[in-house]
6 protein chains.
Amino acid sequence: MTTERQEEKDGLHNMERHFGPHAKEYVEAIKKVSPEYYKINVEWAYGNIYENKVLDDKTRELLALAALSCMGYPTNQIKVHVRGAINCGASRDEVLEVIRMMVAYAGFPSTTNALMAAGEALDEHEAES
Amino acid sequence: MTTERQEEKDGLHNMERHFGPHAKEYVEAIKKVSPEYYKINVEWAYGNIYENKVLDDKTRELLALAALSCMGYPTNQIKVHVRGAINCGASRDEVLEVIRMMVAYAGFPSTTNALMAAGEALDEHEAES
Amino acid sequence: MTTERQEEKDGLHNMERHFGPHAKEYVEAIKKVSPEYYKINVEWAYGNIYENKVLDDKTRELLALAALSCMGYPTNQIKVHVRGAINCGASRDEVLEVIRMMVAYAGFPSTTNALMAAGEALDEHEAES
Amino acid sequence: MTTERQEEKDGLHNMERHFGPHAKEYVEAIKKVSPEYYKINVEWAYGNIYENKVLDDKTRELLALAALSCMGYPTNQIKVHVRGAINCGASRDEVLEVIRMMVAYAGFPSTTNALMAAGEALDEHEAES
Amino acid sequence: MTTERQEEKDGLHNMERHFGPHAKEYVEAIKKVSPEYYKINVEWAYGNIYENKVLDDKTRELLALAALSCMGYPTNQIKVHVRGAINCGASRDEVLEVIRMMVAYAGFPSTTNALMAAGEALDEHEAES
Amino acid sequence: MTTERQEEKDGLHNMERHFGPHAKEYVEAIKKVSPEYYKINVEWAYGNIYENKVLDDKTRELLALAALSCMGYPTNQIKVHVRGAINCGASRDEVLEVIRMMVAYAGFPSTTNALMAAGEALDEHEAES
């Protein structure tokens, strides 16, 4: 009934739209460790920020890949958002070009790690289709 | 005549399309310190990567802002790419929402710095128009 | 009436308790650039996270200083949280030892920048008292 | 007899107090690769910094978790310091809240990695008790 | 015939000189995911930057290890450049001292990860010789 | 009389050899804020690490510049170590090529900031000579 419950519903709905049925599984693992962390992850990140329609879903996923490629180490999250980008209408070439562009901003070590993780996620996704 | 000269021409042309007449001034300052660094900045980043048309100009500028907002400290570059984003067709709201989204990827310190620098660049741009 | 308004009230209240009367001024500057960013900063960071009483106010401020000292570049935020730590009961020696400890986690460049910013904030605070 | 030997003794003693019997094993692996690195790790970090009593042991472990959670990739060290925090008197809820708080400073990718590693370390620790 | 083809040839040649026969395998894996990324990796990084003779090969490898040790997470790349450093004439002690020095610039978490990865690469290399 | 005093003497001596008469001034400012931080900066970083003769002074300064260029924000430290590199026998071209190489490891934002700071330090140094 409260705004918060609405944000949780919006967050779970946005996550499912971006990441498909795996989304729930992913956040349930987090909820088991910390319900308070689950709350901010689902309600804030996906229920509030992703609810703002100034940016469309595909653009958000490409921006997420840009951010993660600059970090290099969160390869699980890179794979999740590669699938998110494809689900939201990005092409294989767009995903790889976003990561390639990040060489200019963050150098080879992080972007090579991101690229190789993305390659795996793209191959897995194509094998499933 | 060589491919390299073409990349330099493409790079300078892409920079001007994104950043306007200030672009040349910016890279001339770099060239004065190191012509070899100027070369990779203009030819590689802007002559090769930005020449790939898989991503359009506006998307590239939003991706650049995402990367820079995760770092927080390069406030000069943030201002340059805020103007780049506006020049390539992004709205004030899109610029601010890209930066706001980065809170989820990089936290408040870097994105607050990016937001305040973007606010200045947007105000300067509007004062000039 | 809604939960959100409560979070905004809690957030502003927590910020004032930590940072004193300057808090409002600080977030008003952010609100002017982006009301949506203000919202997540006040409601989420200060209204939700800082509302959890598992950690006391002083511990939170020392943890904030630890995080910021590892980054090194957000010297404004370091100064704000040095005052926050003092307001929440930390001593000058505790503030400086938190930053010194971060050398082991993040090296000298970031912690030296943090230490010098903290030194300025501590001197300013003592001059005012 | 020299000051240095005292620092090595202090360092090993502080490490054992924080991390229990596993500490020695951990630093022996480092010593085998580089005795000079072992020296700075044991004598400086644990023999000098951790010897300063301005901060108590539990606070130091929470600060270490804050720093490591902002980095995200050093999951082995996060597990070591989760056990350290518990050994020094922190509760499961305090450990998880320190990590959750870091979302505000470093974003979700690093803190989610830290949270999941902490969850494993906490479960392992409880299984052993 | 073009300058670019020369840069690709130079890049592959420099990579082989630094990393030995494994180099080709490494970049072929990248090429399979993204030929455009392969191009910038081989031609720019190794064909242009590494072609500049102001710095000798051994110094370049030590500098690469310094950069990678400050990041901590790219352990594959650290192992590649440890072998590169040895191939270019660095001693085991020089490799380990470069990494140890980085504690002062980036702290223990990243450099300990780098040191342990380097220890493995050095042992593997010695077992092969 | 103790080992520690020797390390302080070695540290101050190494700093003066690298940075000239300005070194003392720099560490005195740090000592005024925190004598404990001064101690680890002088004794550990410069008294212990820089005392290891496996790496020569010039190589150490180039490695320091590599590390700092990957971070981008510590422009004061970059200027100090540019002077250190020149004092230890590096040429202007070597300094600039070390920074340029870091584009491959850390991207343009950090290395452009480092390059421009280095350009200023080199010009100041030449004006003084």
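Residues numbered from 1 in each chain as written. Chains lettered and ligands numbered in written order. Predicted model: local features only at pLDDT ≥ 70, side-chain atom pairs only at ≥ 80, totals over all residues. Heavy atoms only, no water.

Examining the domain arrangement of chain A
All names here are of chain A.
- What the domain assignment reports for chain A is domain 1 (3-51) and domain 2 (57-128).
- Around 820 Å² of area is buried between domain 1 and domain 2 when both sides are counted, 48% of it from carbon and sulfur atoms.
- The interface formed by domain 1 and domain 2 includes one salt bridge.
- Residue aspartate 57 is joined to arginine 17 by a salt bridge in which the shortest nitrogen-to-oxygen separation is 2.6 Å.
- Here domain 1 is connected to domain 2 by five residue pairs in polar contact (both at pLDDT 80 or more).
- Looking at the side of domain 1 that touches domain 2, the element that brings in the most residues is helix 1 (residues 3-19), giving three residues.
- Here the side of domain 1 that touches domain 2 is built from residues that sort into five nonpolar, two polar and one charged. (Domains from an automatic or database assignment. Buried area = accessible area lost by both parts, 1.4 Å probe. Salt bridge = Lys/Arg side-chain N within 4 Å of Asp/Glu carboxyl O. Polar contact = N/O pair within 3.5 Å; in protein donor to acceptor, adjacent residues only side chain to side chain. Helix = DSSP H or I, 4+ residues; strand = E, 2+ residues; numbered from the N terminus. Nonpolar A, V, L, I, M, F, W, Y, C, P; charged D, E, K, R; others polar.)

What to know about the relation of the copies chain B and chain C
- Turning chain B through 120° and shifting it by 0.0 Å along the axis lays it on chain C, with an RMSD of 0.0 Å. Seen this way, the second copy is the image of the first under a three-fold rotation axis. Looking at the rotation axis and the C-alpha trace of chain B, the residue lying nearest is B:Tyr73, at 3.5 Å.
- When the interface residues of chain B are mapped onto chain C, a mere 12% of them again fall at the interface, so the copies present different faces. (Least-squares fit on C-alpha atoms with pLDDT ≥ 70 in both. Contact = heavy atoms within 4.5 Å.)

Quick look at the interface of chain A and chain B
- Contacts between the two partners involve 28 residues from chain A and, on the opposite side, 28 residues from chain B.
- For chain A, the biggest contributors to the area lost against chain B are A:Leu63, A:Met101 and A:Tyr105; these three give 27% of the whole.
- Counting every contact that joins chain A to chain B gives two salt bridges.
- We note a salt bridge from A:Arg60 to B:Glu97, for which the minimum N-O separation is 2.8 Å.
- Looking at the side of chain A that touches chain B, the elements with two or more residues in it are helix 3 (35-48), helix 4 (57-71), helix 6 (92-101) and helix 7 (103-106) of chain A.

A look at the relation of the copies chain A and chain B
- Once turned by 180° and shifted 0.0 Å along the axis, chain A lies on chain B with an RMSD of 0.0 Å. One copy is carried onto the other by what is essentially a two-fold rotation axis.
- Of all interface residues in chain A, 100% are interface residues in chain B too; the two copies therefore contact each other through one and the same surface.

So, the pattern of salt bridges
- Applying the stated criterion across every chain, the model contains 66 salt bridges over all chains.
- Here B:Lys58 and B:Glu94 are joined by a salt bridge, their closest N and O atoms 2.9 Å apart. Separated by 36 residues along the polypeptide, B:Lys58 in helix 4 (residues 57-71) and B:Glu94 in helix 6 (residues 92-106) bring together distant segments of the chain.
- We classify B:Glu94 as buried; its relative accessible area is 14%.
- Between F:Arg83 and F:Glu124 there is a salt bridge, with the nearest N and O atoms lying 3.8 Å from each other. (Buried < 20%, exposed > 50% of the residue type's maximum accessible area, 1.4 Å probe, protein only.)

Here's the deal with helix 6 (residues 92-101) of chain F
- Of all 10 residues in helix 6 of chain F, eight are buried; the element is thus mostly enclosed.
- The complete set of buried residues in helix 6 of chain F reads F:Glu94, F:Val95, F:Leu96, F:Glu97, F:Val98, F:Ile99, F:Arg100 and F:Met101.

With respect to the interface of chain B and chain C
- Every contact between the two is made by 16 residues of chain B and, on the other side, 15 residues of chain C.
- Carbon and sulfur atoms supply 72% of the area that chain B and chain C bury against each other, a total of about 1300 Å² over both sides.
- Of all residues in chain B, B:Arg100, B:Phe108 and B:Pro109 give up the largest surface area on contact with chain C, accounting jointly for 40% of the area buried on that side.
- One can count zero salt bridges joining chain B with chain C.
- The interface formed by chain B and chain C includes eight residue pairs in polar contact (both at pLDDT 80 or more).

Some remarks on the environment of E:Glu25
All names here are of chain E.
- With respect to the helices, strands and loops of the structure, glutamate 25 is situated in helix 2 (residues 22-33).
- Overall, glutamate 25 belongs to the exposed group, its relative accessible area being 59%.
- A C-alpha to C-alpha distance of 16 Å links glutamate 25 and lysine 9, two positions 16 residues apart in sequence.

Side note on the side chain of C:His81
- You can see C:His81 is positioned in helix 5 (residues 75-87).
- Judged by relative accessible area, C:His81 falls into the buried class, the value being 4%.
- Excluding residues within four positions of it along the chain, C:His81 makes contact with C:Phe19, C:Tyr46, C:Tyr50, C:Glu61, C:Ala64, C:Leu65, C:Leu68 and D:Tyr105.

Section: the nonpolar core
- Ranked by internal contacts, the top residues of the largest apolar core, which has 287 residues, are A:Tyr105, B:Tyr105, C:Tyr105, D:Tyr105, E:Tyr105 and F:Tyr105.
- With 10 residues, the single largest contributor to this core is helix 6 of chain B.
- Not counting the four nearest positions on each side in its chain, F:Tyr105 is found in contact with A:Ala106, A:Gly107, A:Phe108, A:Pro109, E:Tyr46, E:Tyr50, E:Ala64, E:Ala67, E:Leu68, E:Met71 and E:His81. (Core = buried A, V, L, I, M, F, W, Y, C linked by side-chain atoms within 4.5 Å.)

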